[in-house]
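# Architecture and fold: a report
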Amino acid sequence: MTVVQLRDYQQDMIARLRVALRSHRRVLLQAPTGSGKTVLASYIAAETSGRGRLTYFNCHRAELLRGTSNTFRKYDIAHGFIAADMPQSNSLVNICSIDTLKNRLAVTAEPRVCIWDEAHHLGAAGWTAIMEAWPNALHIGLSATPWRLDGTGLCDQFDELVPGPTTAWLIEQGHLSNYEIFAPTSPNMKGARRARGDFAAKDASERMEIPKRTGDIIKHWRLHAEGRRTIGFAVNVADSLMLVERFNAAGIPAAHLDAKTPKAERKRIIQGFVNGTILVLFNVALFDEGFDLAAIAGVDDLTIDCLIDAAPTMSLSRVLQRWGRVLRRKPYPAIILDHAGNSARHGFPDDERVWSLEGKEKGAAANDNGPPPPVTCTGCFRQIRRPLPECCPSCGKRLLAEMKEIEAAEGELKKVTAEEKAAQRKARQLEEHNAKTLAELVALGQRRGYPNPQQWAFRKWANSPTRQRLAKKAS
């Protein structure tokens, strides 16, 4: 039997989860994409079923059911399904389709443990009905981005949040891949209408001008990611199909998937992507979350090398879920080709962010959690982290007077170098080190625009050398 082996940080998360469950029945585990949340679920399911107790793992798409099942099989966890076209299950561990489960509540036993994959969807009526139907179960949520896509928090669904390690730490420790991001100036989204907290799809598609931009997208893919397994995000089906047509016309095998692609066709396309007969796979809102290609395909060590982002979004949660697709561990950097201006809007994948159950403050900007977005140098198109140096480290252009949003312009994608990121992070760390009191840290968090500067400051203060010295003196 293959035992679930947890990494040190996963063991720490399980320990803190146990503490939280002593006083709360609904606890949310937050950890970045690729940190092993399905492995954590496997461990919890194995432990619970080993005590003869019933466990449900709830997810909302067919690919997620198959991927989770493959992971459970890898760890010899016997399981059944509660899903359409599946026989009735008598297993202690069940992988459940939420659409099926909500229609079978009257004939489905209440579990001891209910694990919610992609728990940021729990505000939806069907999900909430399931949770409310099982008042005695322990509900454990899993999410990389524990806000709904419009920034609404999950304080009505969960009592406590247990945060995992940061993306930056996971990259530093080798658990996630490093990345290189190439960013153009943003498409001009001024005046674009909003729908459900994001850009209206029609307006976003018009601003992207895909027929005009396709040549540049192919050009930069050839320049930075030639031959690499790539996923792409488009605003709508028409844009995605057009990109696929142009890539194929350029001799680059590409395909399209969306939620309405027939199951047999979807399986054929994913298999082609796995075996390399398809190099570029465009989608619309299908790979934003839960897309573990290796688990879905039932193979090991299969990664996505490059991401083409051609879908502007106001949602930090959506863009982090999206970027996380390419950060799974590999021995070389992932490539992110940002043609939508999302890095200018939201910052970098590994910026420090503070998550809470309260969600984003109403009226907050698109960069709704963590440091302000980077500034694009108008001289060379480099993305530069704040706090800004006086001049661009690449071309020397003066920056401090140019902090307003830069409108769309034609230009080359320029790589944000590791040296620039390291220098900017060092400057931020120096700011934190120079804050000698808790009040100064709170003020710093406010200047950076954090939605919960007090929570961020308390966490920093608890681990700061200054506080530890004061505590030592007091003892």
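Residues numbered from 1 in each chain as written. Predicted model: local features only at pLDDT ≥ 70, side-chain atom pairs only at ≥ 80, totals over all residues. Heavy atoms only, no water.

### Some points on the side chain of Thr55
Operational definition: Helix and strand definitions here come from DSSP, where helices need a minimum of 4 consecutive H or I residues and strands a minimum of 2 consecutive E residues; each element is numbered from the N-terminal end. In this description, contact between two residues means that some pair of their heavy atoms is separated by no more than 4.5 Å.
One can find Thr55 in strand β2 (residues 55-59). Sequence-distant contacts of Thr55, defined by excluding residues within four places in its chain, comprise Ala45, Thr48, Ser49, Leu92, Val93, Asn94, Val113 and Ile115.

### Some details on helix α8 (residues 210-225)
Keep this limit in mind: To estimate the expected span of a helix, count its residues, drop one, and scale the result by 1.5 Å. Working definition: with a 1.4 Å probe on protein chains only, accessible area under 20% of the residue-type maximum means buried, over 50% means exposed, and in between means partly exposed.
Taking 1.5 Å per residue, 16 residues should reach 22 Å; α8 reaches only 20 Å between its end C-alpha atoms and comes up short. Those residues of α8 lying buried are Ile210, Arg213, Thr214, Ile217, Ile218, His220, Trp221, His224 and Ala225. Of the residues one or two after α8, Gly227 is the one with positive phi, at around 80°.

### What about the confidence of the model for the protein chain?
Filter applied, for reference: Note on scores: pLDDT gives the predictor's confidence for each residue, bounded by 0 and 100.
Considering every residue of the protein chain, the mean pLDDT works out to 84; 82% of them sit at 70 or more. Across the protein chain, the element-wise mean pLDDT spans from 53 in helix α17 (residues 465-474) up to 98 in strand β5 (residues 113-116). Note that pLDDT drops below 50 for residues 402-410; the model gives that stretch 20 contacts with residues more than four away or on any other chain.

### What to know about the pairing of strand β14 (residues 306-310)
Rule in force here: Any two strands with at least two DSSP-identified bridges between them are counted as paired. Orient the strands so they point away from the viewer, and a crossover whose first-strand-to-second-strand path over the helix runs clockwise is right-handed.
For β14, a buried count of five out of five residues is recorded, marking the element as mostly surrounded by other parts of the structure. Here β14 shows no split at all, with Cys306, Ile308 and Ala310 on one side and Leu307 and Asp309 on the other all buried. As paired elements, strand β11 (residues 230-234) and β14 share five bridges and run parallel to each other. Within the sheet, the bridge partner assigned to Thr230 lies in β14 and is Cys306. When β14 meets strand β15 (residues 334-338), the two strands line up parallel, connected through four bridges. When the sheet's bridge partners are listed, Asp309 is paired in β15 with Asp338. In this fold, the crossover linking β14 to β15 by way of helix α12 (residues 316-323) has right-handed handedness.

### Quick word on the sheet that holds β5
To keep it simple, the criterion reads: Throughout, an axis means a line fitted to C-alpha atoms (over the contacting stretch in the case of helices), and angles, computed between N-to-C directions, take values from 0 to 180 degrees.
Spatial ordering of the open sheet is given by β3-β4-β2-β5-β6-β1-β7, a layout of seven strands whose pairing is parallel. If you trace the sheet from one side to the other, it starts and ends with β3 (80-82) and β7 (160-163), each paired once. Averaged over all pairs of adjacent strands, the angle between strand axes in this sheet comes to 25°, irrespective of strand direction. Alignment of β2 against strand β4 (residues 93-97), held across five bridges, turns out to be parallel. Its bridge partner being in β4, Cys59 is matched across the sheet by Ser97.

### What about the packing of α8 against helix α9 (residues 237-249)?
Where we set the bar: Angle categories are assigned with fixed cut-offs, so that under 35 degrees is roughly parallel, over 145 is roughly antiparallel, 65 to 115 is roughly perpendicular, and the rest are oblique. Left-handed describes a crossing whose near helix is turned anticlockwise from the far helix through less than a right angle; right-handed describes the clockwise counterpart. Only Asp, Glu, Lys and Arg are considered charged in this grouping, and only Ala, Val, Leu, Ile, Met, Phe, Trp, Tyr, Cys and Pro are considered nonpolar; every other residue, Gly among them, is considered polar.
Running from N to C, α8 and α9 point in directions that differ by 50°, and their axes come no closer than 10 Å. It follows that α8 is oblique to α9 by the angle criterion. Note on packing geometry: the crossing formed by α8 with α9 is right-handed. On α9, the residues that touch Ile210, Pro211, Thr214, Ile217, Ile218 and Trp221 of α8 are Asp239, Met242, Leu243, Arg246 and Phe247. Residues that form the contact of α8 with α9 fall into these classes: eight nonpolar, one polar and two charged.

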